[in-house]
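One-letter residues, chain by chain:
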Amino acid sequence: MTANKKVCISNGNENVFCPNCGKVMPTVEYFTAKPINQEVRQQNYNTQQIITTYTDIVHHFGNICLFCAYGNEKKKRTIGLILLIGGGILSFGSMLTGLVLSTLAQNNGGDVGAALGLPMALMCVFLILAVFGIAIFLGADSLRPNRIRSKEQLYVLFERCIKKEAPRVGIVYLSPWLAAQLKKK
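Residues numbered from 1 in each chain as written. Predicted model: local features only at pLDDT ≥ 70, side-chain atom pairs only at ≥ 80, totals over all residues. Heavy atoms only, no water.

Engineer: Can you help me understand the overall build of the chain in this one?
Structural biologist: Broken down by element type, the chain carries 5 helices and 6 strands. When the helices and strands of the chain are placed in sequence order, the string is β-β-β-β-β-α-α-α-α-β-α. For the C-alpha atoms alone, the extent of the chain along its principal axes is close to 80 × 55 × 30 Å. Residues classed as buried in the chain amount to 29% of the 185 residues present. Accessible area for the chain stands at about 12,400 Å²; split by element, carbon and sulfur atoms hold 62% of it. Separation between the mean location of the 20 positive side-chain charges and that of the 10 negative ones in the chain comes to 5 Å. (Helix = DSSP H or I, 4+ residues; strand = E, 2+ residues; numbered from the N terminus. Buried < 20%, exposed > 50% of the residue type's maximum accessible area, 1.4 Å probe, protein only. Areas by Shrake-Rupley, 256 points an atom, 1.4 Å probe, with all protein chains shown as cover. Lys, Arg positive; Asp, Glu negative; His and termini not counted. Charge placed at Lys NZ, Arg CZ, Asp CG, Glu CD.)

As structure tokens, this is what we get:
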């Protein structure tokens, strides 16, 4: 079993090649900052405004290897697919069992509702399992390298990976569009 490869470089440049696979890594623009104060202001009865004051705002360029990141997520994609297919098949089987039991109960003059209870409850549980499976699969599949992504989408993927690989205490990552909204005093 191979360990997960590092996929992010926090201080990157244009046209950087991945040290693991040798493919070109897309460049991501981002900012780091230290939050020093947070103030909550009541705007009206239902709305609060949270104002955060930052210091040491630094502009960075980083890189992310989507090929290695996608490879790291293979186990999650497999688990998600198994949950999705297994949950779907078991849910369908529970539904068919409920249909057969309810038909038998109706033909024998029994309680159809009682015959449907357990199979329908199981069907719901298995459907929920399938939904979890598709959520896991799609989350892991979001790193597919051959997709065209906007700068915003690339930043979100980079932030998710860099927080896992190189967490920094007391530092927050800011997107360029969020950093542009900051007011200077």
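That shown, we press on.
Engineer: What am I meant to see in the sheet that holds strand β1 (residues 8-9) here?
Structural biologist: Strand pairing within a sheet occurs via backbone hydrogen bonds; the two strands may be parallel or antiparallel. Here 4 strands make up an open sheet; going across it, the order is β1-β5-β4-β6 and the pairing antiparallel. Strand pairing shows two members of the sheet lacking a second neighbour, β1 and β6 (172-174), which therefore form its edges. Two elements, strand β4 (residues 27-42) and β6, share 3 bridges in a ladder whose sense is antiparallel. If you follow Ala-33 over to β6, its bridge partner there is Val-172. Of the strands in this sheet, β1, β4, β5 (48-64) and β6 touch helix α4 (residues 151-165), which is tilted by about 80 degrees from β4. (Pairing = 2+ DSSP bridges. Contact = heavy atoms within 4.5 Å. Axes fitted to C-alpha atoms, helices over the stretch in contact; angles between N-to-C directions.)

Engineer: Explain α4 to me, please; I cannot follow it from the model alone.
Structural biologist: Structural remark: α-helix, 3.6 residues per turn; residues separated by three or four positions point the same way. With 15 residues, α4 should reach 21 Å at 1.5 Å per residue; the first-to-last C-alpha distance of 21 Å fits that figure. Within α4, the full set of buried residues consists of Leu-154, Tyr-155, Leu-157, Phe-158, Glu-159, Cys-161 and Ile-162. Residues of α4 that are buried sit in contact with β1, β4, β5, α1 (66-72), β6 and α5 (176-179). (Expected span 1.5 Å × (residues − 1).)

Engineer: Quick question: what am I supposed to make of the pairing of β4 here?
Structural biologist: Where a strand is regular, its side chains alternate between the two sheet faces. Judged from the 14 bridges that link them, β4 and β5 form a sheet pairing that is antiparallel. For Gln-38, the partnering residue across the bridge sits in β5 and is Thr-52. Linkage of β4 to β5, two consecutive antiparallel strands, is achieved through a turn of 5 residues.

Engineer: Help me understand the side chain of Asp-141 in this model?
Structural biologist: With respect to the secondary-structure elements, Asp-141 resides in helix α3 (residues 112-141). Judged by its relative accessible area of 5%, Asp-141 is buried. For Asp-141, the side chain forms a polar contact with the side chain of Tyr-70, separated by 3.3 Å. Once residues within four sequence positions are removed from consideration, Asp-141 is found in contact with Tyr-70, Arg-77 and Arg-147. (Polar contact = N/O pair within 3.5 Å; in protein donor to acceptor, adjacent residues only side chain to side chain.)

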